[in-house]
Amino acid sequence: MIRVQNIYHMLAYAFQVLREQGYRDVATEEFENTAELCAAILARGVRSQLKRGLGQEYVDRTDALSSLRGKIEVSELVKTRSVLRRQLVCSYDEFSIDTRMNRILKATMVLLVRSDITASRKKELKRLLAYFAEVGDIELASVDWRMRFDRNNQTYRMLMNVCWLVAKGLLQTQSDGTSRLMDFLDEQRMSRLYEKFILEYYRQEHPELSASALHIHWVLDDGFDDMLPTMKSDVMLERGGTVLVIDAKYYAHDMQQQFDKRTVHSANLYQIFTYVKNKEAELAHTEHEVSGMLLYARTDEEVQPDATYQMSGNKISVRTLDLNLPFEDIRAQLDAIAGEHFGKEVARV
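Our subject in this report is the structure included herewith. (Residues numbered from 1 in each chain as written. Predicted model: local features only at pLDDT ≥ 70, side-chain atom pairs only at ≥ 80, totals over all residues. Heavy atoms only, no water.)

A closer look at the sheet that holds strand β1 (residues 57-65)
Item 1. One open sheet holds the 3 strands; their spatial order is β1-β3-β2, and the pairing between them is antiparallel. The open sheet terminates on both sides in strands that have one partner only, identified here as β1 and β2 (71-72).
Item 2. Judged from the 9 bridges that link them, β1 and strand β3 (residues 88-96) form a sheet pairing that is antiparallel. Of the residues in β3, the one forming a bridge with Val-59 is Glu-94. (Pairing = 2+ DSSP bridges. Helix = DSSP H or I, 4+ residues; strand = E, 2+ residues; numbered from the N terminus.)

Structure follows, in structure tokens:
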């Protein structure tokens, strides 16, 4: 299990904007479900965006007009016989708020209004929807979520990610048109958020460490690497010659079972061992110490992985992070990992 409130904290590390003044009261609220949390974040984000002004882009329009604007569409003019009504069919560009991102915001708020959230939250979203009267509709199921952000639309980055969570992970539309809250964000999406949270936590709370998600190079005898898979760490912590490679895992079951025996997931262990040994070989000509850790999100299962192994000269740990505790306790767990590998002087700022 994971506390809904902790999802906010995880999102706040992934998206720094959630730590700004306008969102701080969200951290003190209690939410019954994740849809309620996303609705609260989205409402504050949209209000903030409205103060700046909704983003605008040049949008292609084709309309029957009484005066020339842009380019005449001759085929449409003949087809619609607009000339008989003394109109011209023109195509032109218009600077408009009817953009793809604004359509996604509108559609997500509509979806949340139809979901299992409080009446007061629904009323708040409906008030905000009034500002989107000139924005068209879009089917969230068909949205291409690959977007480019620049200085003109950077403030939409977090909003689009919350919309993505709602559209892909939180809600299912029923045959009667209503929306039902899923049990939780699915494993794939929670896994991505979990990885991002751990990386950003160490980046922000432990600046004395170098925290990154770097590629690890295969150390090969002849340099031939065709068809070898890419090795990219979830989190790599470095200080001097000391390196900790963390592979963050979010599964429904954090151990595998064969007959009556529970063991660490084989593929996970092989993966972290490969990462560590190749990083070890990469640093062979410098003074170094490389360790690895599988950090699972704790489940409700009775048996949890908690062990440290010495493998071919390297320490490989298997731990769990309990996301159902108060967030200060989660901080303490992550800080303890840093202290264990980099010394007691490593302290959270």
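A few points about a nonpolar patch on the surface
Item 1. A cluster of nonpolar residues, Leu-68, Ile-72, Val-74 and Val-78, forms a patch on the protein surface that exposes about 380 Å² of accessible area.
Item 2. With respect to the secondary-structure elements, Ile-72 resides in strand β2. (Patch = residues over 30% accessible without salt bridge, like charges linked within 9 Å, V, L, I, M, F, W, Y side chains within 5 Å. Areas by Shrake-Rupley, 256 points an atom, 1.4 Å probe, with all protein chains shown as cover. Salt bridge = Lys/Arg side-chain N within 4 Å of Asp/Glu carboxyl O.)

Let's talk about the nonpolar core
Side chains of a nonpolar character, in soluble globular proteins, are inclined to be buried together.
Item 1. Core analysis: the biggest nonpolar cluster contains 80 residues, and Ile-41, Tyr-194, Phe-197 and Tyr-202 have the highest contact counts within it.
Item 2. By residue number, the principal contributor to this core is helix α2 (residues 34-52), which donates 9 residues.
Item 3. Contacts of Ile-41, omitting those with residues within four sequence positions, involve Tyr-8, Leu-11, Leu-18, Tyr-23, Val-26, Met-158 and Val-162.
Item 4. With 17 residues, the next largest nonpolar core counts Val-245, Val-264, Val-290 and Met-311 among its residues. (Core = buried A, V, L, I, M, F, W, Y, C linked by side-chain atoms within 4.5 Å. Buried < 20%, exposed > 50% of the residue type's maximum accessible area, 1.4 Å probe, protein only. Contact = heavy atoms within 4.5 Å.)

Some remarks on the pairing of strand β9 (residues 235-239)
A regular strand places its side chains so that they alternate between the two faces of the sheet.
Item 1. Bridge count between strand β6 (residues 210-212) and β9: 3 bridges; the pairing is antiparallel. Looking across to β9, one finds that Ser-210 is bridged to Glu-238.
Item 2. Across 5 bridges, the pairing between β9 and strand β10 (residues 242-249) is antiparallel. Counterpart to Glu-238 in the pairing with β10 is Val-243.
Item 3. Linking β9 to β10, which pair antiparallel, is a turn of 2 residues; within it Gly-240 sits at a positive phi near 65°.

Re helix α5 (residues 119-129)
Item 1. All buried positions along α5 are accounted for by Arg-121, Glu-124, Leu-125, Leu-128 and Leu-129. Along the long axis of α5, the arc covered by the buried residues comes to 140°, so they all point the same way. Exposed residues lying more than 90 degrees from the buried face of α5 are Ala-119, Ser-120, Lys-123, Lys-126 and Arg-127.
Item 2. Looking at the buried positions of α5, the neighbouring elements they touch are α2 and α4 (100-113). (Arc of directions from axis to C-beta.)

Structural notes on the packing of helix α1 (residues 4-14) against helix α9 (residues 327-342)
Item 1. Contact geometry of α1 with α9 gives a least axis separation of 10 Å together with a crossing angle of 50°. The pairing of α1 with α9 is recorded here as oblique in orientation. Touching Asn-6, His-9 and Tyr-13 of α1 are Phe-327, Ile-330 and Arg-331, all from α9.
Item 2. Looking at the contact of α1 with α9, its residues break down into 3 nonpolar, 2 polar and 1 charged. (Axes fitted to C-alpha atoms, helices over the stretch in contact; angles between N-to-C directions. Parallel < 35°, antiparallel > 145°, perpendicular 65-115°, else oblique. Nonpolar A, V, L, I, M, F, W, Y, C, P; charged D, E, K, R; others polar.)

A few points about the side chain of Thr-320
Item 1. Following the sequence through the fold, Thr-320 ends up in strand β15 (residues 314-321).
Item 2. For Thr-320, a relative accessible area of 17% puts it in the buried group.
Item 3. Reaching out from Thr-320, the side chain makes a polar contact with the side chain of Arg-298 at a distance of 3.4 Å.
Item 4. Each residue touching Thr-320, except ones within four places of it in the same chain, is listed here: Asp-254, Leu-295, Tyr-296, Arg-298, Gln-304, Pro-305 and Gln-333. (Polar contact = N/O pair within 3.5 Å; in protein donor to acceptor, adjacent residues only side chain to side chain.)

Focus: the pattern of salt bridges
Item 1. Inspection of every chain in the model, using the stated rule, returns 15 salt bridges.
Item 2. Across the pair Arg-121 and Glu-124 runs a salt bridge whose closest N-O atoms are separated by 3.9 Å. One end of the pair, Arg-121, and the other, Glu-124, are both in helix α5, 3 residues apart, so they sit about a helical turn from each other. Exposure class is identical for Arg-121 and Glu-124. Each is buried.

Considering the sheet that holds β6
Item 1. Strand order in the open sheet formed by 6 strands is β6-β9-β10-β13-β15-β14, and the pairing between neighbours is mixed. In the strand order of this sheet, the two ends are held by β6 and β14 (307-311), each with one partner. Strand-to-strand twist across the sheet, computed as the mean angle between neighbouring axes with direction ignored, equals 20°.
Item 2. Across 7 bridges, the pairing between strand β13 (residues 289-297) and β15 is parallel. Directly across from Leu-295, in β15, lies its bridge partner Arg-319.
Item 3. In the packing of helix α8 (residues 266-282) onto the sheet, the strands contacted are β9, β10, β13, β14 and β15, and the crossing angle to β13 comes to about 155°.
Item 4. Along the sheet face, α9 touches β9, β10, β13 and β15 and points at about 175° away from the line of β15.

Topic: the environment of Gln-310
Item 1. Mapped onto the elements of the fold, Gln-310 is located in strand β14.
Item 2. By relative accessible area, Gln-310 is classed as exposed at 62%.
Item 3. Distance from Gln-310 to Thr-263, taken between C-alpha atoms, is 17 Å for residues 47 residues apart in sequence.

Looking at the pairing of β10
Item 1. Burial analysis of β10 places 7 of its 8 residues in the buried class, the great majority of the element.
Item 2. Pairing of β10 with β13, which is carried by 8 bridges, proceeds in the parallel orientation. Looking at β13, one finds that Val-245 is bridged to Gly-292.

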